[in-house]
Amino acid sequence: MMTVGILGGGQLARMLALAGAPMGLRFMVLDPSADACAGQVAPLMVGEYGDESALAEFASQVDVVTFDFENVPARSAQWLAQRLPVFPNPQALALAQDRLLEKTLFRELGIEVPPFADIASRAQLEQAVAALGTPCILKTRRLGYDGKGQFRINAPQDLEAAWTALGPSVEKTGLILEGFVRFQREISVIAVRGRDGEFQTWPLTENWHVDGVLSASLSPVAVEGALAEQARLAAHKIAERLDYVGVFALELFCCDGRLLANEMAPRVHNSGHWTIEGAEASQFENHIRAVVGLPLGSTRARGQACMLNWLGALPDARGVLGQPGGHWHDYGKEPREGRKVGHATFRADTTLGLVDALHAAGEQLDRHAQVAPVIARLRG
Ligand code: ATP
Ligand code: MG
Ligand code: MG
């Protein structure tokens, strides 16, 4: 029996292991924390990603390696890849860890991106703010997630505060300045490429963020003109260039009839959680199929689905489970402010059915603000 090793033991690893079990696969998770939530559903090895003896012990127990955590040190991924199949490959992982490298690649592939500049000093920040104009966003190149490691510069006088906040990180993470995009919508493409090059995408997902953190996702959604095909093509070009194997997400801004690429995540993605109930094969199932070299499952949607994220603490499950097509996901994590502790997915065969379920859940859970933009979109 084959054992899949996962670096990182969060909810993504947990959902990967749950998706792989029916295919007869075993899992082993490596995480620095003894209470990593994937440990509740798969054997957990506690160790640092940069520790060679931990990696050696891990490598001796698994047949193939993949990631739940995208910021595993590139050296560790390379070390493992010299001994075992590792998917996605360490070069793809390293590129997707760095906002400057990924935006440079997107541009090279003809994928439009917001204006950006590499920032290595305060003087460069001043020049770049003058060139890009305000508002703009200073971000760490590496190690940012959920909107952390970002500072919005609304006017030139905010530059001082931005440098105070992020200047100290410049050595460790690098910095990038991005023009602020006044987008109408945020969408993502979840894509998967198999070991043999087979490529598929799920229908487009629209995403709503609150304070830089994903709050709700809806799929499938219609977008104007040729944008859906453009998004799919962009993901395909990236996958081919990186010789990517597994699932990744490409986050895009829809702005005045154009698509601008924000970032890619070299792993299964929060905006693809709806695929567990809302698609023929989920992102988790297909990621596992890809990394072990099995044929991919269909990415076709089953009706319409909306995912709501639970941050900090879980609401009452009955508000979700009491709705037709309501599904509950409790990651088994300790509640903590801002922490992703679970999500719900609502699936329905019709738009009207989904609106009704979301409306009822919004009432029962007192989550009007979270469901409102999704309902507004569904009502068109
Ligand atoms: P994630 O959790 O998706 O990995 P992250 O910390 O990597 O988040 P981004 O995706 O770059 O951060 O930014 C978080 C959110 O902030 C975006 O989804 C978007 O809503 C907003 N944002 C980021 N960059 C820009 C930009 N250049 N213009 C306008 N809004 C932006
Ligand atoms: Mg990110
Ligand atoms: Mg993002």
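Residues numbered from 1 in each chain as written. Chains lettered and ligands numbered in written order. Predicted model: local features only at pLDDT ≥ 70, side-chain atom pairs only at ≥ 80, totals over all residues. Heavy atoms only, no water.

- Under an unreviewed UniProt entry, the protein chain has the name N5-carboxyaminoimidazole ribonucleotide synthase and belongs to Pseudoxanthomonas composti.
- You can read under Catalytic activity (unreviewed entry) in the UniProt record for the protein chain the words "5-amino-1-(5-phospho-beta-D-ribosyl)imidazole + hydrogencarbonate + ATP = 5-carboxyamino-1-(5-phospho-D-ribosyl)imidazole + ADP + phosphate + 2 H(+)".
- Regarding the protein chain, the UniProt comment filed under Sequence similarities (unreviewed entry) reads as follows: "Belongs to the PurK/PurT family." (UniProt positions renumbered as here; feature names shortened; annotations may be inferred.)

Describing the coordination of the magnesium ion (ligand 3)
- Coordination of the magnesium ion (ligand 3) by the protein is provided by Glu251 (OE), Glu251 (OE) and Glu263 (OE), with metal-donor distances spanning 2.0 to 2.6 Å.
- In this structure, the magnesium ion (ligand 3) lies 3.8 Å away from the magnesium ion (ligand 2), the two metals sharing glutamate 263 as a donor. With glutamate 251 in strand 13 (residues 246–255) and glutamate 263 in strand 14 (residues 258–265), this pair connects stretches of sequence that are 12 residues apart. (Donors = N, O, S within 2.8 Å, 3.2 Å for Na, K, Ca; no water. Helix = DSSP H or I, 4+ residues; strand = E, 2+ residues; numbered from the N terminus.)

Some details on the pairing of strand 2 (residues 26–31)
- For strand 2, the tally of buried residues reaches 5 of 6 residues, placing the bulk of the element in the interior.
- This β-α-β element, strand 1 (residues 3–7) to helix 1 (residues 11–20) to strand 2, shows right-handed connectivity.
- For strand 2 and strand 3 (residues 44–46), the ladder comprises 3 bridges, and the chain directions are parallel. Following the sheet pairing, valine 29 is matched in strand 3 by leucine 44. (Buried < 20%, exposed > 50% of the residue type's maximum accessible area, 1.4 Å probe, protein only. Right-handed = clockwise from strand over helix to strand, strands pointing away. Pairing = 2+ DSSP bridges.)

Describing the domain arrangement of the protein chain
- As assigned here, the protein chain comprises domain 1 (3–86), domain 2 (115–179) and domain 3 (185–379).
- Summarising the inter-unit geometry, the C-alpha centres of domain 1 and domain 2 are found 33 Å apart. (Domains from an automatic or database assignment.)

Overview of the environment of aspartate 330
- Structurally, aspartate 330 is set in strand 16 (residues 326–330).
- Sequence spacing of aspartate 330 and alanine 317 is 13 residues, and the spatial spacing of their C-alpha atoms is 9.0 Å.
- Among residues more than four places away in sequence, those in contact with aspartate 330 are Arg14, Leu314 and Val341.
- At 2.7 Å, the side chain of aspartate 330 forms a polar contact with the backbone nitrogen of glycine 332. (Contact = heavy atoms within 4.5 Å. Polar contact = N/O pair within 3.5 Å; in protein donor to acceptor, adjacent residues only side chain to side chain.)

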